[in-house]
Amino acid sequence: MSHRQVPRTGRTFAALTTVAACTAGLLAATPPASAAPGTPRAAARPGTAAPYPNLAPRPPMGWNNWSYYSCNINEKVILDNARALVRTGLAAKGYDTVTVDDCWMAKQRGPRGELVPDTTKFPHGMAYIGQELHRLGLKFGIYEDVGTLTCGKYPGSYGHFKEDARLFAQWGVDYLKADGCNVPRPAGRTKEQIYRDVYEQQSRALLDVGRPITFSVSAPAYFQYDGDAVWHRVIDWSARLGNLWRGGRDIALEQQSPATKWSSIVYNFRYNAGLAALQRPGRWNDPDFLLAGDSGLNRHEMQSQMSLWAMMAAPLISSTNLAGLSPEAREVLGNQEIIAVDQDPLGEQGKVVEQNDGYTVMSRRLGNGDRAVALFNAGDAPRTLSTTAAAAGLPDAPSYWLHNLVTGHGRHSGGTIAARDVPPHGTVLYRVTARAGGQDAAAGA
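Throughout what follows, the structure given in this document is the object of discussion.

Calculation notes
- Residues numbered from 1 in each chain as written.
- Predicted model: local features only at pLDDT ≥ 70, side-chain atom pairs only at ≥ 80, totals over all residues.
- Heavy atoms only, no water.
- Disulfide = S-S within 2.5 Å.
- Helix = DSSP H or I, 4+ residues; strand = E, 2+ residues; numbered from the N terminus.
- Buried < 20%, exposed > 50% of the residue type's maximum accessible area, 1.4 Å probe, protein only.
- Core = buried A, V, L, I, M, F, W, Y, C linked by side-chain atoms within 4.5 Å.
- Domains from an automatic or database assignment.
- Contact = heavy atoms within 4.5 Å.
- Axes fitted to C-alpha atoms, helices over the stretch in contact; angles between N-to-C directions.
- Parallel < 35°, antiparallel > 145°, perpendicular 65-115°, else oblique.
- Left-handed = near helix turned anticlockwise from the far one by under 90°.
- Nonpolar A, V, L, I, M, F, W, Y, C, P; charged D, E, K, R; others polar.
- Expected span 1.5 Å × (residues − 1).
- 1 Å grid on protein atoms, 1.4 Å probe; cavity = no way out; pocket = protein on both sides within 12 Å on 5 of 7 lines; lining within 4 Å.
- Points joined across faces, edges and corners; volume = space filled by probe spheres on them.

**A closer look at the state of the cysteines**
Counted according to the given criterion, the structure contains 2 disulfides. A sulfur-sulfur distance of 1.8 Å marks the disulfide that ties Cys71 to Cys103. Placement of Cys71 in the loop between α3 (66–69) and α4 (75–87) and of Cys103 in the loop between β2 (97–100) and α5 (126–135) is noted, with a sequence separation of 32 residues between them. Using a relative accessible area of 24% as the deciding quantity, one classes Cys71 as partly exposed. For Cys103, a relative accessible area of 0% corresponds to the buried category. Sulfur-sulfur distance for the disulfide between Cys151 and Cys181 comes to 2.1 Å. A torsion of 95° about the S-S bond marks the disulfide between Cys151 and Cys181 as right-handed.

**Some details on the nonpolar core**
Counting 113 residues, the largest nonpolar core has Tyr95, Trp104, Tyr199 and Trp309 as the members making the most contacts within it. Among the elements that line this core, the one with the most residues is helix α9 (residues 258–273), at 7 residues. Split by domain, this core shows at least three residues from each of two domains, domain 1 (61–343) and domain 2 (351–435). If sequence neighbours within four positions are ignored, Trp104 has contacts with Ile73, Leu115, Pro117, Asp118, Phe122, Met126, Ile142, Tyr143, Phe168 and Trp171. Judged by nonpolar contacts, the second largest core, of 17 residues, contains Val373, Leu394, Leu402 and Val428.

**Focus: the packing of α9 against helix α10 (residues 299–311)**
Packing of α9 against α10 brings their axes to within 11 Å, and their N-to-C directions diverge by 15°. When the axis of α9 is compared with that of α10, the two are roughly parallel. α10 is crossed by α9, and the crossing has left-handed handedness. Along its contact with α9, which presents Trp262, Ile265, Asn268 and Phe269, the element α10 presents Glu301, Ser304, Gln305, Leu308 and Trp309. Class assignment of the residues belonging to the contact of α9 with α10 gives a composition of 5 nonpolar, 3 polar and 1 charged.

**Thoughts on α9**
Working note: α-helix, 3.6 residues per turn, so residues spaced by three or four point in the same direction. Between the first and last C-alpha of α9 there are 22 Å, a value that for 16 residues agrees with the 22 Å anticipated at 1.5 Å per step. Burial of α9 is extensive: 14 of the 16 residues sit out of reach of the surface.

**Details of unusual backbone geometry**
One non-glycine residue, Lys153, lies in the positive phi region at around 75°. Mapped onto the fold, Lys153 is located in the loop between β3 (139–145) and α6 (161–171). Backbone geometry at Asn182 places phi at a positive 55°, although glycine is not the residue there.

**Observations concerning empty space enclosed by the protein**
Over the atoms, a rolling probe the size of a water molecule traces out where space has been left empty. Space inside the largest cavity adds up to approximately 70 Å³. Along the walls of the largest cavity sit 11 residues, with Tyr175, Lys177, Asp286, Phe289 and Ile317 positioned nearest its centre. Class assignment for the residues of the lining of the largest cavity results in 4 nonpolar, 3 polar and 4 charged. Of the voids in this model, the second largest cavity is the one considered here, and its volume is about 50 Å³. If you go around the second largest cavity, the residues you meet are Ser67, Tyr68, Ala252, Leu253, Glu254, Lys261, Leu291, Asp294, Ser295, Ser319 and Thr320. For the lining of the second largest cavity, a count of residues per class yields 4 nonpolar, 4 polar and 3 charged.

Here is the structure:
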């Protein structure tokens, strides 16, 4: 996401450590009828848009430039990272969508009101980017905004939904991330009514364009601080209009400190974990990008984000310099057993079993009857963490097989699910199988 100047935030990343600690309490608790270029159309009655097709039956995976590169993008940056996805094997593991975020376009529309790529950054145009990505076996994602301007002050789609959707289809776009900066606020209408109307216009435009385009809705991120009743209602209609939605604050940027990045990860995890009841299979809560890579985070911190995002059935969208990916970061992002938890066909978001300011225990039901159980130490000192099979939602059984998805090791348990000396900022992630008496342990490994 790139809504850097959104008034809703009102707080800086420097305060995230304090905010994250306070968040524990929250957990308890072509196209269609769009306007002519430059002319806002009369608002359709809210709620009339058809449900968006289920184009993301599993959480999307891929890469986006924003957190690492921000506006410092060009054709070479995008395609070099796309090639690195393939070369590192990450594309084969599911990271298959490359999304170009804000600042890809010229500051003014063309003579017919059309979006125009910045020819200095993208001399061959965006259709070329799509062709090259498809040639690599990847999908093409692009960024726009439902307001008059993007967050970076480039032309938004307000008043141009039909035309822009048609153009994206012509370029071979497979995924649209629609931000919500600079949305006009006519008198006599609530903020929610206005946002719902423009996102419905965008949704209808994509529905009618004749190409399946996965739709990422950013509306809920602009209501995070408007009270839970409004925030959750916006998430509810966003799930009708698109396939996934950004729920709240952006993840930290590359130029920020490692401590700020870690606080950002914890904050986004905690707000998103509280939204489990609002997610359903094929409609995904999105807590923003994975920072594993050239970020200053240590191995435990990178592993925690990957594990917790998988527990939440979150989109796994990397934002780093993939060409410079360290072996550790590659191992974290490419852990197939953790990816399998994220992509589990049951599609349920994990739920918090126990939590205080220093740790969280989560459990997630998987399609074959197993449970994924995460023991997350958010504190600054090692600690032993535990729960029970019953608390994690597992059936009563003579024993349980605990398979550590990071180390690959496994062991039997009579019902306690525990990890000793979990390192600071570390997470132990188990796949837990209820075992009938006499079964061989290796069968569960």
